[in-house]
Amino acid sequence: MADAAKQAGLAVEIVRREEEDTGFVVQKRRWVVERTNAWLTRQRRLARDYERHEHSSETFIHIAMTGLMLRRLA
């Protein structure tokens, strides 16, 4: 994953839980990832791992995010 991020020119930051935190504590920027995953799993094809090849799954992710962006533009 680090190699893929480096090739794409992205900086990956791992947010760890503070040791003194107890119970539920909102982690920095984690909600963005969780929200995006929730949007993707609303698509029936992406709710389960049906695909045999990773490029098929990647294509369906692109289609789902394109649909999301088009709905926001409309």
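Before reading on, note that the structure itself is shown above.
Calculation criteria
Residues numbered from 1 in each chain as written. Predicted model: local features only at pLDDT ≥ 70, side-chain atom pairs only at ≥ 80, totals over all residues. Heavy atoms only, no water. Helix = DSSP H or I, 4+ residues; strand = E, 2+ residues; numbered from the N terminus. Buried < 20%, exposed > 50% of the residue type's maximum accessible area, 1.4 Å probe, protein only. Areas by Shrake-Rupley, 256 points an atom, 1.4 Å probe, with all protein chains shown as cover. Patch = residues over 30% accessible without salt bridge, like charges linked within 9 Å, V, L, I, M, F, W, Y side chains within 5 Å. Salt bridge = Lys/Arg side-chain N within 4 Å of Asp/Glu carboxyl O. Axes fitted to C-alpha atoms, helices over the stretch in contact; angles between N-to-C directions. Parallel < 35°, antiparallel > 145°, perpendicular 65-115°, else oblique. Contact = heavy atoms within 4.5 Å. Nonpolar A, V, L, I, M, F, W, Y, C, P; charged D, E, K, R; others polar.

Caption draft 1: View of the overall build of the chain. The helix and strand inventory of the chain stands at four helices and zero strands. Over its C-alpha atoms, taken along the principal directions, the chain stretches across nearly 40 × 30 × 30 Å. For the chain, the residues scored as buried account for 15% of the 74 residues in total. Surface exposure of the chain reaches about 7,100 Å², of which carbon and sulfur atoms provide 54%.

Caption draft 2: Region of interest: the environment of Asn37. With respect to the element layout, Asn37 can be found in helix α2 (residues 30-41). A relative accessible area of 40% places Asn37 in the partly exposed class. The spatial distance from the C-alpha of Asn37 to the C-alpha of Ala47 is 9.9 Å, given a sequence separation of 10 residues.

Caption draft 3: Quick peek at a nonpolar patch on the surface. On the surface, Phe24, Val26 and Trp31 cluster together into a nonpolar patch covering about 420 Å² of accessible area. Tracing the backbone through its elements, the reader meets Trp31 in helix α2.

Caption draft 4: View of the packing of α2 against helix α4 (residues 54-73). At a closest axis distance of 10 Å, the pairing of α2 and α4 adopts a crossing angle of 100°. Relative to α4, the element α2 is oriented roughly perpendicular. From α2, Thr36, Trp39 and Leu40 reach across to α4, where they touch Ile61, Ala64, Met65, Leu68 and Arg72. Among the residues forming the contact of α2 with α4, the class breakdown is six nonpolar, one polar and one charged.

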